[in-house]
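Take a look at the letters that make up each chain.
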Amino acid sequence: MHRDFQGKGSDMAVIEVEDVRKRYGETVAVDGVSFTVEHGEIFGVLGRNGAGKTTTVEIIEGLRRPDSGSVRVLGLDPVRDRKALRNVLGVQLQEGTLPDKATVGELVRLYRSFYADGHDPHRLLADLGLDHKRDTFVDDLSGGQVQRLSIALALVGKPRVAVLDELTTGLDPRARRDTWELIEQVRSAGVTILLVTHFMDEAKHLCDRIAVFDGGRIAALDTPAGLVARTHGESDASLDEAFLAMTDDEEPRR
Ligand SMILES: Nc1ncnc2c1ncn2[C@@H]1O[C@H](COP(=O)(O)OP(=O)(O)OP(=O)(O)O)[C@@H](O)[C@H]1O
């Protein structure tokens, strides 16, 4: 994996989101969201269903245009510079988007061919515990194996930025731990990671900072420990409790 950040200086923010807004008809999905993700960070995006996470992430990936505001990824505009971005951004596809009648090996080799540089498909599949499934059709994989394949496809092009959505949904406890370890290795190789998750233990374990989305806005942005301290002072409350306090409409917003 690359150790060098071949960018414009590693102190530059890798992802810059500034006052992004997006409506779908009457629904305000994203309502003035701003944040930056630094090089080498694992940045978590947490929030209840419908909080605006996917819309924000899809705007970062260039799949949707914001109504207003701006986004830069490694200095690139995700819509205008989509081609250039494709070479440096790895995206984990959602379940159901992979062709059923392709094998694991075929897909990883195909995705590898999209990039000038990349990981060895065999090695990557071995790291993800999928080497014995190389000749298996996507159709015949378990849910957890499809999930691991989607991670392989996001990483095979040695991206400098990876967007991982529901990273470990459907994985058993052992596979989750292995995946966390892999993500930590990917980060230590210099990859910046944006992680959308519903799992508090995952956010606490992996993320340097977390943005808590609520009603299309960022309700809080801090380290996992900082989020707990905001809502529960020095107590040993969990991140779950902090999250509930920050996103519960019955409670005063902090
Ligand atoms: N294509 C669309 N057309 C209309 N409304 C949409 C569309 N996509 C999302 N929305 C609405 O925008 C709001 C934000 O949705 P979004 O998918 O961004 O939230 P989310 O935080 O990712 O939710 P989840 O955790 O359930 O995936 C929701 O009210 C949702 O119903």
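Here the structure is a predicted model, which means the values were calculated and not measured.

A. A look at the sheet that holds strand β7 (residues 192-196). Strands sit in the order β5-β6-β7-β3-β8-β9 across an open sheet of six strands; the sheet is mixed. The sheet is open, and its two borders are formed by β5 (89-91) and β9 (217-222), each paired with just one other strand. Taking each pair of neighbouring strands and ignoring which way they run, the sheet shows an average axis angle of 15°. Summarising the sheet, strand β3 (residues 42-47) and β7 pair through four bridges and their orientation is parallel. The residue bridging Phe43 from the neighbouring strand is Leu194, located in β7. Sheet contacts for helix α1 (residues 53-60): β3, β6 (161-165), β7 and β8 (209-214); angle to β7, the most-contacted strand, approximately 150°. Across the face of the sheet, helix α9 (residues 239-247) comes into contact with β3, β8 and β9 while running at roughly 35° to β8.

B. Seen up close, the side chain of Glu166. Here Glu166 shows up in the loop between β6 and α6 (173-188). Buried and unpaired, Glu166 has no salt bridge, with Lys53 as the nearest side chain of opposite charge at 6.2 Å. For Glu166, the side chain forms a polar contact with the side chain of Thr169, separated by 3.0 Å. Sequence-distant contacts of Glu166, that is, excluding residues within four places in its chain, are made with Gln92, Gln94, Gln147, Val196 and His198.

C. Geometry of the sheet that holds strand β2 (residues 27-37). Read across the open sheet, the three strands follow the order β2-β1-β4; overall the sheet is antiparallel. Among the strands making up the open sheet, the edge pair consists of β2 and β4 (68-73). The average undirected angle you get between the axes of adjacent strands in this sheet is 20°. Relative to β4, strand β1 (residues 15-24) is paired through five bridges, and the arrangement is antiparallel. What sits directly across from Glu18, in β4, is Ser70.

D. Highlighting the confidence of the model for the chain. Averaged over the chain, the pLDDT score is 87; the fraction of residues at 70 or greater is 90%. The low-confidence segment residues 1-9 (pLDDT under 50) makes 19 contacts with residues lying over four places distant or belonging to another chain. Below pLDDT 50 for its whole length, residues 250-254 participates in six contacts with residues either more than four positions away or in separate chains.

E. Spotlight on the packing of helix α5 (residues 143-155) against α6. Here α5 crosses α6 at 5°, and the two axes come no closer than 12 Å. By the angle between their axes, α5 is roughly parallel relative to α6. Residues Arg148, Ile151 and Leu155 of α5 form the contact with α6, whose own contacting residues are Ala175, Thr179, Leu182 and Val186.

F. Structural context of unusual backbone geometry. You will see that Lys158, though not glycine, has its phi angle at about 45°, which is positive. Mapped onto the elements of the fold, Lys158 is located in the loop between α5 and β6. Its identity is not glycine, yet Glu166 carries a phi of approximately 55°, on the positive side. With relative accessibility at 18%, the residue Glu166 sits in the buried group.

G. View of the packing of aromatic side chains. Summed over the entire model, instances satisfying the criterion amount to two aromatic pairs. For the pair Phe35 and Phe43, a centre-to-centre distance of 5.0 Å together with 5° between the ring planes defines the contact as stacked. We classify Phe35 as buried; its relative accessible area is 5%. By relative accessible area, Phe43 is classed as buried at 0%. It is Lys101 that lies over the ring of Phe137; its NZ or CZ is 5.5 Å from the centre.

Thresholds applied
- Residues numbered from 1 in each chain as written.
- Predicted model: local features only at pLDDT ≥ 70, side-chain atom pairs only at ≥ 80, totals over all residues.
- Heavy atoms only, no water.
- Pairing = 2+ DSSP bridges.
- Helix = DSSP H or I, 4+ residues; strand = E, 2+ residues; numbered from the N terminus.
- Axes fitted to C-alpha atoms, helices over the stretch in contact; angles between N-to-C directions.
- Contact = heavy atoms within 4.5 Å.
- Buried < 20%, exposed > 50% of the residue type's maximum accessible area, 1.4 Å probe, protein only.
- Lys, Arg positive; Asp, Glu negative; His and termini not counted.
- Salt bridge = Lys/Arg side-chain N within 4 Å of Asp/Glu carboxyl O.
- Polar contact = N/O pair within 3.5 Å; in protein donor to acceptor, adjacent residues only side chain to side chain.
- pLDDT = per-residue confidence, 0-100.
- Parallel < 35°, antiparallel > 145°, perpendicular 65-115°, else oblique.
- Phe/Tyr/Trp six-rings, centres within 6.5 Å; stacked < 30°, edge-to-face > 60°.
- Lys NZ or Arg CZ within 6 Å of the ring centre and 35° of its normal.

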